[in-house]
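Structure assessment
Listed below, chain by chain, are the residues.
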Number of protein chains: 2
Amino acid sequence: MTVKEALEQISAFENTYSALNHASGILYYDGDTVAPEGSVEIRALTLGELSRMSYELITSEKFIDALETLNENIDELSEIDKRKVKELYREYDNTRKIPMQEMIDFQIHLTESSAVWHKAKENNDFASFEPYLQKTFDTLKKFATYTDPEKDPYDVCLDKYERGLTKEKCDKFFNALREKLVPLIERIKNTNQIDDSVLHLNYPKSQQEKFTDYLVDVMDIDRKHFTVGETEHPFTINFTSKDVRITTHYYEDNLASSLYSVVHECGHALYELNSMPELFRTTLEGGVSMAIHESQSRFYENIIGRSRPFCELILPFLKNEFPEQLGDIDGDSFYRMINRSEPSLIRTEADELTYALHVMVRYELEKRMISGEICAKDLPSEWRRLYKEYLGVDVPDDKHGVLQDSHWSNANIGYFPSYALGSAYGAQMLNEMKKDIDVDAVIRSGKLTAINDWLREKIWKFGCLYDPTDLFNMVCGEFEPDVYVDYLEKKFTEVYKI
Amino acid sequence: MTVKEALEQISAFENTYSALNHASGILYYDGDTVAPEGSVEIRALTLGELSRMSYELITSEKFIDALETLNENIDELSEIDKRKVKELYREYDNTRKIPMQEMIDFQIHLTESSAVWHKAKENNDFASFEPYLQKTFDTLKKFATYTDPEKDPYDVCLDKYERGLTKEKCDKFFNALREKLVPLIERIKNTNQIDDSVLHLNYPKSQQEKFTDYLVDVMDIDRKHFTVGETEHPFTINFTSKDVRITTHYYEDNLASSLYSVVHECGHALYELNSMPELFRTTLEGGVSMAIHESQSRFYENIIGRSRPFCELILPFLKNEFPEQLGDIDGDSFYRMINRSEPSLIRTEADELTYALHVMVRYELEKRMISGEICAKDLPSEWRRLYKEYLGVDVPDDKHGVLQDSHWSNANIGYFPSYALGSAYGAQMLNEMKKDIDVDAVIRSGKLTAINDWLREKIWKFGCLYDPTDLFNMVCGEFEPDVYVDYLEKKFTEVYKI
């Protein structure tokens, strides 16, 4: 096989692989949005079949021969092709080590698990979900021994979402955070709390939808390749850079909920929409890792979206839409309400300061589930114990506890630390961005275009061309958690005037 | 290969084939309902890939060997397996005769064509759609010469939707209809027209949605495997009998439009939902042909839905929901309004009597397009001419003319005659049904369960086990178009008191 033939082979592979991923993704999206309840069984069977096809494709002789040909002639290849060979080889290697039937069975299990979780959450019924969750943890642990028998299985899980991330690094990072944040949270607890009750008046859904439209305009997202749907749990899903969808959930008694879901998911969407055209439908298209992804979504949500100029920007629109609810509120009060900090039950509704503690609970539990120290049936009580210990709150039921997030039902285990790491990355990115542009002025202009442009050039366009740590270092230098802690201290001492 | 091995092979084939069809169907549904506009290109590429995989699967040596083994031992097989072998061989034979790349290219073309048609209709711009439509007709004609070089290409198109249907049979059927219906339509024209203006008052969408819910209840459809969505052009799509979706379109100034779309599509849905369990995810699951399908949908829409007892059944619900609009209307007036007959522009809004003339226009044009007598650029003017000739109406623009239906954009050419044939089938089915149950009493009971049960036992459960003509004959004996004509004459002379 010549290099040219091998490249053609890889291109044909990517064509098929991308189609299978696209089809699976649409099936998943449909299942989560509009599919009838009784369609779970056939969706599971179909997704199982599609994953079998992907498996056969990536372990096919034709494909491996092409990869090997390219590997032997790696110096002749462009930078993009070099990276592609490396990434595809990694994917092949991780796939082939897991027996095909086990992988298909797991895929079918997960489709069912996701449906069972939805119902379990609705009915506050952890017992029905427990065997599925136990099986998910057990399977991931087994798969980790297949792919990386010499590594700690939880490190294998972490590495899947953020290459190079380990328990050791997480422990260090979370300890540093806890040490600084817990006293700050304590100081706020002992001061006058901000009254944000006006954010919990009645905000009709139809008007919140108009507000979503406005936010998409402010964030300057190309609607030709983007939609907003509705689901119980907001998420972003992408089918190449030409079709990216976000979802949100409207609560009529909570103005901030959908607002910050939308801004958060739009951050993910912008990242996915802006890979350079050369990467279209290749294995290198889209976000490189979950921490980099969350650094974008949480950057928009908190650093931009919960900043003083952003709050001042959106308030006139909101006052116009909701004059009875917000007519009397000024910019400073609105900004402070939006940044009200108080330990709470639900991660996605948590304020910027206490958020990391929610992540730490999940991190601790995942670590101990994978090590075998606890099992699924212990999770509800351990969840309660840790929420009391870390956040000082009592968990009333599993719906507001261990069942709140969709991640575990989809086997996204090792994902949660990325949220906190991404948040910390974001603080360093802000400092770098400020060297080039006047961030506050861009926000006040009502269009985030210049911020988007900066991130596109520094991060988005590269897709998966660089390892996430390398990419972060290219933009921000070494990772320093203190930058994040300083950012939070400065912001919240000012918000609370302490 | 043993018979047992061959059967296992076929079962594995059906598993994969069903998954590919499911995935393609969901992509199509998503594209028509919620996908962003700019996703057409990747959807086309993905659907092209999936159709390549289907092609390779059905022409694979493994599959053909299994089919041949079963064919050689056909007497050992169950009735279901015998039929399966016959149907799969037919599908294989039709597929292999079309070169793979041509089939993939056509699939990609159709995804684009569908998107172009949507925009063309919106903008009343036939010119943009014309080259796509010409290519569709040209390709179908070419494919017909591949699969059945000895047959007339339009007969090949007709046979695809209704096995055994030919131009000759259609001409005979349509001539018989025209001969009897045109004088009747003429008589109505010369009598006092029914005033149905109250059906065109304002009917808010949110209340029409409640009415849809009510109709689904009346039709006794299992919501666990069924949903109602919204699209410009209503349709039914099914992913096995476990997941069937219909769509409708709400016009606030037209109460009857969504009402009869829903009832029509629910007829299709009931058929698809009720194949016997033995056929689940096999090639024999679901409706056997388009005329049988339309015989169900148009049976519910017209024979049931536009009957006097049905109108009397739904009126109290409607009066309660729309007291200002319908408070003064009695059952007889409502029934007559619903059955107002007048030549018009839009097929899907046409009354039961003039409906067949709309179909005939399309039939004539398809015939002449395929024979090469006219080409796509002639269609708008020929459409106008035939609407004037057959229905006596002037077509104001292509949006209300040649661009109104989605069928041609999806290469559904040869489909339209099934609507008229199905309507005629329905009249004979009614006569048979009346021998066993009191149809009017079932309608008046408010649940169509007993009607559904009859159709399930006689038609639905068999899926594709019998050829459509055989199935029809089993239920109704020989096809007699006069039964349909008599039904229409009796109904409309009574409605118009002539």
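Rules of the game
- Residues numbered from 1 in each chain as written.
- Chains lettered and ligands numbered in written order.
- Predicted model: local features only at pLDDT ≥ 70, side-chain atom pairs only at ≥ 80, totals over all residues.
- Heavy atoms only, no water.
- Pairing = 2+ DSSP bridges.
- Helix = DSSP H or I, 4+ residues; strand = E, 2+ residues; numbered from the N terminus.
- Axes fitted to C-alpha atoms, helices over the stretch in contact; angles between N-to-C directions.
- Contact = heavy atoms within 4.5 Å.
- Buried area = accessible area lost by both parts, 1.4 Å probe.
- Salt bridge = Lys/Arg side-chain N within 4 Å of Asp/Glu carboxyl O.
- Polar contact = N/O pair within 3.5 Å; in protein donor to acceptor, adjacent residues only side chain to side chain.
- Patch = residues over 30% accessible without salt bridge, like charges linked within 9 Å, V, L, I, M, F, W, Y side chains within 5 Å.
- Areas by Shrake-Rupley, 256 points an atom, 1.4 Å probe, with all protein chains shown as cover.
- Lys, Arg positive; Asp, Glu negative; His and termini not counted.
- Charge placed at Lys NZ, Arg CZ, Asp CG, Glu CD.
- Buried < 20%, exposed > 50% of the residue type's maximum accessible area, 1.4 Å probe, protein only.
- Expected span 1.5 Å × (residues − 1).
- Bend = angle between axes of the 7 residues up to and from the residue.
- Left-handed = near helix turned anticlockwise from the far one by under 90°.
- Phe/Tyr/Trp six-rings, centres within 6.5 Å; stacked < 30°, edge-to-face > 60°.
- Lys NZ or Arg CZ within 6 Å of the ring centre and 35° of its normal.
- pLDDT = per-residue confidence, 0-100.

**Quick word on the sheet that holds strand 1 (residues 226-230) of chain B**
Whether parallel or antiparallel, the strands of a sheet pair through hydrogen bonds between backbone atoms. Residues and elements named next belong to chain B. The strand order across the open sheet formed by three strands is 1-3-2, and the pairing between neighbours is mixed. Unpaired on one side and paired on the other, strand 1 and strand 2 (236-238) mark the two borders of the sheet. Geometrically, the sheet is characterised by an average inter-axis angle of 20° between neighbouring strands, direction not taken into account. Examined bridge by bridge, strand 2 and strand 3 (residues 244-248) share three bridges and lie antiparallel to one another. Residue pairing in the sheet places Thr236 in a bridge with Ile246 of strand 3. Across the sheet, helix 10 (residues 255-273) touches strand 1, strand 2 and strand 3, and the angle it forms with strand 3 is around 170°.

**Details of the interface of chain A and chain B**
Between chain A and chain B, the contact holds 37 residues from the first and 37 residues from the second. Buried area between chain A and chain B, both sides added, is near 2900 Å², and the carbon and sulfur share of it is 67%. Sorting the residues of chain A by area buried against chain B places His22(A), Pro36(A) and Ile42(A) first, and these three jointly supply 18% of that buried surface. At the boundary of chain A with chain B, the tally comes to two salt bridges. Of the charged contacts in the structure, one is a salt bridge between Asp30(A) and Arg245(B), with a shortest N-O distance of 2.7 Å. Where chain A meets chain B, there are 14 residue pairs in polar contact (both at pLDDT 80 or more). If you list the elements that add at least two residues to the side of chain A that touches chain B, you get helix 1 (3-33), helix 2 (40-58) and strand 1 (226-230) of chain A.

**Remarks on unusual backbone geometry**
Trans peptide bonds make up most of the peptide bonds, and negative phi angles are found at most residues other than glycine. Its identity as a non-glycine residue notwithstanding, Asp220(A) has a phi of 60°, on the positive side. Positioned with a positive phi, Thr240(B) is a non-glycine residue whose angle comes to about 65°. One can find Thr240(B) in the loop between strand 2 and strand 3.

**Quick look at a negative patch on the surface**
Residues and elements named next belong to chain A. On the surface, Glu61, Asp65, Glu68 and Glu72 cluster together to form a negatively charged patch. Take Glu61: it is sitting in helix 3 (residues 61-72). Among the residues examined, Glu61 registers a relative accessible area of 65% and is labelled exposed.

**Quick look at the environment of Lys160(A)**
Take Lys160(A): it is sitting in helix 7 (residues 153-161). Remark: the alpha-carbon pair of Lys160(A) and Pro380(A), spanning 220 residues in sequence, is separated by 26 Å.

**Looking at the sheet that holds strand 1 of chain A**
Residue and element names in this part refer to chain A. Spatial ordering of the open sheet is given by 1-3-2, a layout of three strands whose pairing is mixed. Of all the strands in the sheet, just strand 1 and strand 2 (236-238) have a single pairing partner and so form its edges. Averaged over all pairs of adjacent strands, the angle between strand axes in this sheet comes to 20°, irrespective of strand direction. In terms of strand pairing, strand 1 meets strand 3 (residues 244-248) through five bridges, oriented parallel. The residue of strand 3 that forms the bridge with Thr227 is Arg245.

**Looking at helix 8 (residues 167-189) of chain A**
All names here are of chain A. In this model helix 8 runs 31 Å from its N-terminal to its C-terminal C-alpha over 23 residues, within 8% of the 33 Å that 1.5 Å per residue would give. Along its length, helix 8 reaches its greatest deviation from straightness, about 25°, at Leu181, and the proline Pro183 lies no more than four positions downstream. Along helix 8, the positions that sit buried rather than exposed are Cys170, Phe173, Phe174, Leu177, Leu181, Leu184, Ile185 and Ile188. Where helix 8 is buried, its residues meet helix 7, helix 15 (355-371), helix 17 (416-436) and helix 21 (481-495).

**Overview of the side chain of Arg245(B)**
Structurally, Arg245(B) is set in strand 3. Residue classification places Arg245(B) among the buried positions, given a relative accessible area of 0%. Within polar-contact distance, the side chain of Arg245(B) engages the side chain of Asp30(A) at 2.7 Å. Those residues in contact with Arg245(B) that lie beyond four places of it in its chain are Asp30(A), Val34(A), Ala35(A), Pro36(A), Ile26(B), Tyr29(B), Thr227(B), Phe235(B), Thr236(B), Ile237(B) and Phe239(B).

**Remarks on the pattern of salt bridges**
A side chain of one charge can pair with a side chain of the opposite charge when the charged atoms of the two come close. Residue and element names in this part refer to chain A. Applying the stated criterion across every chain yields a total of 90 salt bridges over all chains. Linking Asp217 and Arg223 is a salt bridge whose minimum nitrogen-to-oxygen distance equals 2.9 Å. Residue classification places Arg223 among the partly exposed residues on the basis of a relative accessible area of 37%. Taken together, the shared-partner salt bridges in this structure form one network comprising Arg368, Glu373, Glu382, Arg385 and Glu389.

**Re the packing of helix 9 (residues 205-218) of chain A against helix 12 (residues 308-321) of chain A**
All names here are of chain A. The contact between helix 9 and helix 12 brings their axes to 11 Å, and the two run at 145°. Pair helix 9 / helix 12 crosses with right-handed handedness. In this structure, helix 9 contributes Gln207, Lys210, Phe211, Tyr214, Leu215 and Val218 to the contact, and helix 12 contributes Phe310, Leu313, Ile314, Phe317, Leu318 and Glu321.

**A word on the pairing of strand 3 of chain A**
For strand 3 of chain A, the tally of buried residues reaches five of five residues, placing the bulk of the element in the interior. Of the two faces of strand 3 of chain A, the one holding Val244(A), Ile246(A) and Thr248(A) and the one holding Arg245(A) and Thr247(A) are both buried throughout.

**A few points about the packing of aromatic side chains**
Residues and elements named next belong to chain A. Here the structure, examined in full by the defined rule, presents 59 aromatic pairs over all chains. An aromatic cluster is defined as three or more aromatic residues linked by ring pairs; in this entry it consists of Phe137, Tyr161, Tyr355, Trp383, Tyr387, Trp408, Tyr415, Phe416 and Tyr419. For the cation-ring pair, Arg298 lies above Tyr355, with the distance from its terminal atom to the ring centre recorded as 3.4 Å. Above the face of the Tyr419 ring, Arg347 is positioned so that its terminal group lies 4.6 Å from the ring centre.

**Some thoughts on the confidence of the model for chain A**
Low-pLDDT portions of the prediction should not be read for the details of their coordinates. Summarising the model, chain A shows a mean pLDDT of 96, and 100% of its residues fall at 70 or more. Both confidence scores are given for the complex: pTM 0.92, ipTM 0.91.

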